[in-house]
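Single-letter residue listing:
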Amino acid sequence: MSNIKVSIITIGDELLIGQTIDTNSAWIAQKLNALGIDVIRRVAVGDDKLAITSALDEELSKSAIVLITGGLGPTADDITKPLLCEYFGGKLVVDEIVLAHIVDIFTRRNRPFLDRNMKQAELPDNCTVLFNKMGTAPGMWFDKDGKIIIAMPGVPFEMMSIMEDEVLPRFEKQFISDALLHYSVITAGEGESFIAEKIQDIEESLPVHIKLAYLPGAGNVKLRLTGRGKDPLALSVELDKYQKQLAERLRNIVVALEDIPMEQVIAKILLEKNASIGFAESCTGGNLGHLITQIPGATDFFCGSIVSYREEIKKNVLGVKQETLDNNGVISEQTAIEMVQGAIRVLNCDYALSVTGLLGPASDDDEVEVGTVWMAVADKAGTIKTKKFRFYYDRLRNKEMAVQAAFRMIHKFLLGDL
Ligand code: AMP
Ligand code: MG
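Residues numbered from 1 in each chain as written. Chains lettered and ligands numbered in written order. Predicted model: local features only at pLDDT ≥ 70, side-chain atom pairs only at ≥ 80, totals over all residues. Heavy atoms only, no water.

Enquirer: Explanation requested: the overall build of the chain in the structure shown.
Expert: Broken down by element type, the chain carries 16 helices and 17 strands. Expressed along its principal axes, the backbone C-alpha trace of the chain runs to roughly 80 × 60 × 40 Å. Considering the chain as a whole, with its 418 residues, one finds that 48% of them fall into the buried category. In the chain, 65% of the contacts between residues at least 6 apart in sequence involve partners at least 24 apart. Carbon and sulfur atoms make up 51% of the accessible area of the chain, which amounts to about 20600 Å² in all. (Helix = DSSP H or I, 4+ residues; strand = E, 2+ residues; numbered from the N terminus. Buried < 20%, exposed > 50% of the residue type's maximum accessible area, 1.4 Å probe, protein only. Contact = heavy atoms within 4.5 Å. Areas by Shrake-Rupley, 256 points an atom, 1.4 Å probe, with all protein chains shown as cover.)

Next comes the structure, spelled out in structure tokens:
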């Protein structure tokens, strides 16, 4: 069991004025947590020498490892590198590999190479350089008096790539002796308190080396079992047993036994059936199509999505009848039915889902309450199921909830469970 303590210092004036949200710390903490390494403190400071130095002093007095992001750019406000060089008593020297990489980036992008870019290849001679394949500012690893200090750029995808390629593998080698395994049970449609009630006895029966985490999302709750042990094989047998117990107890709401999003669960079923799906989206504005196309190779099971926002599009493209709109309203079961029939016809898909709703904040429709959403799901043979939902949050969250509800509805329909 590791009890190494880590502090994270994020640097940047933009963090302090709230212009940039510190997503770096959250991401790093999640990654370290998955390795069983504890983040004990997170600190944000501005691009200011005194503030950075005192944060370093303070965190080094509390933690064995200090991770820093930000302030490594090519502009004058980025002072982390010279500061760290001075702090650890090194001097800046050109790193030829980094220089070649930076020159290559500029040549490929056909951009002029400036002196300040050249400076990015200058690195303290007392650090291990952490190569940044995504950008021009490398990370730096300093060992000092038994402590480790790592500095990385603030740009999230650059930081993530350095963490994944350079930092986490070293941490694993250096600090993790036990095997650490994660087993997931993904549920949809019930809240975490309900789940906690249902599985209380299983949770209480877990041995100390197996922990259960509840990770709630929009309409989903992920349960993650994390086990630690000397023998990975014995540990996996044990985790498998608890995963099965949880899945059995929650069988009505379990959608997957691996940590994948709902759209991927659906994609797998469609691929197994060799079938395709399409959408007729109104209030979700293309989000269903967006999420499903996040999956590589989506062409194999996804035909397309018609974002039919205005009434004309619902009529002219999907074939919703004027009479239906007049008599039942845009947000109605009958409109959803005609939309889904239109999607099957126009997109020529095996399955389709339609969604029409009012997400708020205001309603210009006396008949329909804010948060009302109608959905219909259908197959080519003509089976149609409909469902009315009511969401109670703000517009954005209602949209997220509608998207997740849509995926859940498709999932159930595909399994013949709706
Ligand atoms: P820097 O390495 O300081 O030049 O950071 C470059 C950019 O990365 C900033 O302008 C921010 O947009 C972003 N950034 C910096 N720190 C963070 C952070 N802690 N979380 C998310 N984004 C960040
Ligand atoms: Mg900065």
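Having put the structure on the table, let's press on.
Enquirer: Any chance you could explain unusual backbone geometry here in plain terms?
Expert: Glycine aside, residues mostly have negative phi angles, and peptide bonds mostly take the trans form. Here the residue pair Gly360 and Pro361 is connected by a cis peptide bond, since its omega of 5° sits within 30 degrees of zero. Residue position: Pro361 is located in the loop between β15 (351-357) and β16 (372-379). For Asn348, which is not glycine, the phi torsion reads 55° and is therefore positive.

Enquirer: Could you clarify how one ought to interpret the site of ligand 1 in this entry?
Expert: As a structural note, the neighbourhood of ligand 1 is formed by 18 residues, with Asp22, Thr23, Asn24, Gly71 and Gly154 the closest of them. Within the backbone of Gly71, an N or O atom sits 2.6 Å from an oxygen atom of ligand 1. In this structure, Asp78 approaches ligand 1 through a side-chain N or O atom, which is 3.4 Å from an oxygen atom. Here ligand 1, which alone exposes 490 Å², has 78% of that area covered by the protein. For the shell around ligand 1, the elements supplying multiple residues, two or more each, are α1 (13-16) and α2 (23-35). Residues of the shell around ligand 1, tallied by class, amount to 6 nonpolar, 9 polar and 3 charged. (Near = heavy atom within 4 Å. Polar contact = N/O pair within 3.5 Å; in protein donor to acceptor, adjacent residues only side chain to side chain. Nonpolar A, V, L, I, M, F, W, Y, C, P; charged D, E, K, R; others polar.)

Enquirer: What is the right way to look at the domain arrangement of the chain in this model?
Expert: For an interface, size is often stated in terms of accessible area lost upon the parts coming together. In terms of domain boundaries, the chain breaks down into domain 1 (5-174), domain 2 (179-256) and domain 3 (262-414). Distance from the C-alpha centre of domain 1 to the C-alpha centre of domain 3: 44 Å. (Domains from an automatic or database assignment.)

Enquirer: Which parts of the structure should I look at to understand empty space enclosed by the protein?
Expert: Rolled over the atoms, a probe with the dimensions of a water molecule shows which regions are left empty. Throughout the structure, instances matching the rule amount to 1 cavity of 30 Å³ or more. Across the lining of the largest cavity, the residue classes tally to 5 nonpolar, 1 polar and 1 charged. (1 Å grid on protein atoms, 1.4 Å probe; cavity = no way out; pocket = protein on both sides within 12 Å on 5 of 7 lines; lining within 4 Å. Points joined across faces, edges and corners; volume = space filled by probe spheres on them.)

Enquirer: Quick question: what am I supposed to make of the pairing of strand β10 (residues 210-216) here?
Expert: For a regular strand, side-chain orientation follows a simple rule: the groups alternate between the two sheet faces. Here β10 pairs with strand β11 (residues 220-229) via 7 bridges, running antiparallel. From the neighbouring strand, Pro216 faces β11, where its bridge partner is Val221. If you look at the hairpin formed by β10 and β11, you'll find 3 residues sitting between the two strands, and Gly219 has a positive phi there, around 80°. (Pairing = 2+ DSSP bridges.)

Enquirer: What is the right way to look at the nonpolar core in this model?
Expert: Among soluble globular proteins, nonpolar side chains are generally buried collectively. Judged by nonpolar contacts, the single largest core of 41 residues is most densely connected at Phe279, Leu353, Met375, Phe407 and Ile410. Considering each element in turn, this core owes the most residues, 10 residues, to helix α16 (residues 395-414). Two domains each provide a minimum of three residues to this core, namely domain 2 (179-256) and domain 3 (262-414). When sequence neighbours within four positions are dropped, the list of residues in contact with Phe407 reads Met262, Glu263, Ile266, Phe279, Leu288, Leu291 and Ile292. (Core = buried A, V, L, I, M, F, W, Y, C linked by side-chain atoms within 4.5 Å.)

Enquirer: Explanation requested: the sheet that holds strand β2 (residues 38-45) in the structure shown.
Expert: Paired through their backbone hydrogen bonds, the strands of a sheet run either parallel or antiparallel. Read from one edge to the other, the open sheet built from 6 strands follows the order β2-β1-β3-β8-β7-β6, with strand pairing classed as mixed. Single-partner strands in this sheet number two, and they are β2 and β6 (128-130). On average, each strand axis in the sheet is tilted by 20° relative to the strand beside it, whichever way the strands run. As judged from the 5 bridges shared by strand β1 (residues 5-11) and strand β3 (residues 65-69), these two strands associate in the parallel manner. Looking across to β3, one finds that Thr10 is bridged to Thr69. Contacting β3, β6, β7 (139-144) and β8 (147-152), helix α7 (residues 156-175) runs over the sheet at an angle of about 165° to β8. (Axes fitted to C-alpha atoms, helices over the stretch in contact; angles between N-to-C directions.)

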